[in-house]
Amino acid sequence: MKELDKSYDASKYESDIYKLWLDSGYFNPDNLPNKNGEPFTIILPPPNVTGTLHLGHAFEDTIQDILIRFRRMQGRRTLWLPGTDHAAIATQSKVEKILEKEEGKRKTDLGRAAFLERVNKFAQDSHDTIINQLKRMGASLDWSREAYTLDEARSLAVRTAFKAMYDDGLIYRDYKVVNWDPKGQTVISDDEIIYQEREAVLYTFKYSKDFPIAISTTRPETKVGDTAVAVHPDDERYKEFVGKEYDIAFAGVPIHIKVIADESVDKEFGTGALGVTPAHSTIDAEIAQRHNLETKPVINEFARMTVGSDQAGVDLKGKKTTEAREMVVAWLKANELIEKEEVIKQNVSTAERSGGIIEPLPKIQWFLAVNKPFLVRDSKIKGIKTGQEVTLKQLMRHVVQSGQIEIIPEHFSKTYFHWIDNLRDWCISRQLWFGHQIPVWYRTDNSTGMTDEYCGIEAPDKNAGRNNANEWVQDEDTLDTWFSSGLWTFSTLGWPNQTEDLKSFHPTSVIAPGYEILFFWVARMILMTGYHLGQIPFQRIYLHGIVRDKQGRKFSKSLNNGIDPIEMADKYGTDALRLALVFNAAAGNDTLFDEQKVKGMKHFGNKLWNITRYALLSLDEAITEDQYKSPQAITEADRIILEQLTSTIKAVNEHLEKFRLHEAAQSLYDFVWRDFADVYIEASKAQLADQEQKQNTQLILLHVLTTSLKLLHPYMPFLTEVLWQELTSEGLVNEKQLMVAHWPEQ
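Given the structure is predicted, the values throughout are model-derived calculations rather than measurements. (Residues numbered from 1 in each chain as written. Predicted model: local features only at pLDDT ≥ 70, side-chain atom pairs only at ≥ 80, totals over all residues. Heavy atoms only, no water.)

Draft legend 1. Local environment of helix 1 (residues 14-24). Within helix 1 the residues assigned to the buried category are Glu 14, Ile 17, Tyr 18 and Trp 21. One side of helix 1 holds all its buried residues, which, seen down the axis, span an arc of 100°. Residues of helix 1 that are exposed and point over 90 degrees away from its buried face: Ser 15, Asp 16 and Asp 23. Residue Gly 25 follows helix 1 closely and has a positive phi angle near 80°. (Buried < 20%, exposed > 50% of the residue type's maximum accessible area, 1.4 Å probe, protein only. Helix = DSSP H or I, 4+ residues; strand = E, 2+ residues; numbered from the N terminus. Arc of directions from axis to C-beta.)

Printed below as a string of structure tokens:
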């Protein structure tokens, strides 16, 4: 028998093994030995084309690859479909920063077309890096089906989806208060806001000496846009003032204030009175709508004041909001209107990508209605009938509440429901150049002043509308990235075409993202799939935690604690990194990364290597798989190891079925290192020296070894496949590739 090297050197084997898998075609479900197996599908959460993969991606991809390899070996028709996300705001922001740093230019200096060329080049380079990293991690993805959220097939899906929802009245254009990022110059969604705790001054004051009610705010500069003061209907202090109106010159700006009663006001907070600024607060905008108040914008897109007068010795117009705040406070003090100043902790809304402080501004934007009923088409969702009228919020709640979608771990269901309860209409338009341009066109008839609005899957032709096609102008805004990625589970399978892939592999089996994008992405996939297909997008949501450093901190540039997963794979081998990442990492829990753990898993890999080396060296004659696949126990050591193997198979199967990947890994680690290597291998030395026990011991060694390789393969695919190929070359196994070998059943 061939003698293996004394230790495993991953660098000698990994690229050749991945090529072996690629050449086999088994990543593609159409080429699997069991083509009629029950489908098992995972659509890869598409990494953003903004750079390279980090440890969190390596963790996420390892989890999915374990599930896919496990099911593939069980004979399931497995599809793990790869793809990348154009990540509009993140990618554009990254390129803008590079452009400014390296060339001192802005995107407007290049123009839209030239800038998009730069972005697409950056995205392509990033894509190529990401794909190579995924392959290095051993990801058994079906590369023949790779998708990109901005490719033509997905673009068709986006336009089709937009038009269907537009025609149903779910997508509409309106003038509303939105989250405006003055730094990034775009709207962002509620979920893209990062709250930073900062110190702020809470000022309590009156608009004028004649005004009877004091209000409190941390932003006195916005009060030049106030149109009302709201109090609770039951607040006896202010009942006599409700309905009264006042004309005031506040910091030199004329304002008209009406005192109103609204039940949303907390009479126990502050003075119990709220200065209502309808143009610069979502909450205030809702109050204004209920009371038919005027919306008076006083801040522009660059966070500068748009109103002001020097009548009071101040002129706010054109000033930044921070400067205007100081000026208004100085005016209040000069006029002895401040009653109290208090330093408080405040959560300041900032844009996730640019870091800019959010300004709530009223703007014309596109929205997706979540509370408007629509008729369900061709429903395959239990409890919802075709033709039934539901809202998107009701649909999103129902599929999880009814158990048709299981969230793992279960406690995240409460978080999901809480988010749905507070969900507002989704602002889906962005003021970006990179992304899916909104498929709506406009043109105005100069003779009548009337404007046509056309929504289509394709641009309007020359026969559409009043005049010729050259006068149609497409909406310049692009769609929120999450709109296109919300279609991901079915657009990747060929929708809007009714493809065989869509029929075979949808709904998908599981999605496995980090818990932090439960709302960004997972909930929106449920929304989109429920509306467009009348289906659930996946049966299970496996939410993993965040990979942190060994001190429990997030990886970040500022802390200089980042770790490149490929460097770890180069140093210790990919399998050692994979096993270290999932070891002790329960679903939904953050996991601490320690390089020593990876080093320890390299030792475990060497242990498995040496077990195989020992087993092969113990053989002195040809043995076939038929001889060792059902060995008999002769000694007590034989009996114990075979019983332990059976119980390990049972435990691993149960853990993997229940998505307890970390517990399955622990069971395998303990069995291979302790029960097999430390105990039975030691006992086998004496048994191999006994001619009556020798052959049976050899059979047991091979049986336990080959079964262990199968069980470990999802976790350590490279090493186990290398060893399997050694066994294949010696004629000791019948199945030529471990990747499609028969999974052990208890």
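Moving on, there is more to tell.
Draft legend 2. Seen up close, the side chain of Lys 694. Inspection of the secondary structure puts Lys 694 in helix 21 (residues 691-712). You can call Lys 694 buried: its relative accessible area is 17%. Apart from the residues lying within four places of it in its own chain, the contact partners of Lys 694 are Ser 618, Asp 620, Gln 687 and Leu 688. (Contact = heavy atoms within 4.5 Å.)

Draft legend 3. Local environment of the sheet that holds strand 21 (residues 451-455). With antiparallel pairing, the three strands of this open sheet are ordered in space as 21-20-22. A strand with exactly one partner marks an edge of an open sheet, and here the two such strands are strand 21 and strand 22 (473-474). Here two bridges tie strand 20 (residues 440-444) to strand 22, and the two strands are oriented antiparallel to one another. Within the sheet, the bridge partner assigned to Trp 441 lies in strand 22 and is Gln 474. (Pairing = 2+ DSSP bridges.)

Draft legend 4. Inspection of the pairing of strand 9 (residues 228-231) at higher detail. Residues Ala 228 and Ala 230 of strand 9 are buried on one face, and the alternating residues Val 229 and Val 231, pointing to the opposite face, are buried as well. As defined by bridge partners, strand 9 adjoins strand 11 (residues 253-261) across four bridges and the pair is classed as parallel. Bridging across to strand 11, Ala 230 finds its partner in Ile 260. Across four bridges, strand 9 lies against strand 12 (residues 273-276) in antiparallel orientation. Among the inter-strand pairings, Ala 228 is bridged to a residue of strand 12, identified as Val 276.

Draft legend 5. View of the state of the cysteines. Scanning the model with the defined rule gives zero disulfides in all. Among the cysteines around Cys 427, which has no disulfide bond, Cys 455 carries the closest sulfur, lying 16 Å off. Given the relative accessible area of 6%, Cys 455 is considered buried. (Disulfide = S-S within 2.5 Å.)

Draft legend 6. Just a positive patch on the surface, in detail. A cluster of like positive charges, contributed by Lys 94, Lys 97, Lys 183 and Arg 353, occupies part of the molecular surface. Taking relative accessible area as the criterion, Lys 183 reaches 61% and is therefore assigned exposed. (Patch = residues over 30% accessible without salt bridge, like charges linked within 9 Å, V, L, I, M, F, W, Y side chains within 5 Å. Areas by Shrake-Rupley, 256 points an atom, 1.4 Å probe, with all protein chains shown as cover. Salt bridge = Lys/Arg side-chain N within 4 Å of Asp/Glu carboxyl O. Lys, Arg positive; Asp, Glu negative; His and termini not counted. Charge placed at Lys NZ, Arg CZ, Asp CG, Glu CD.)

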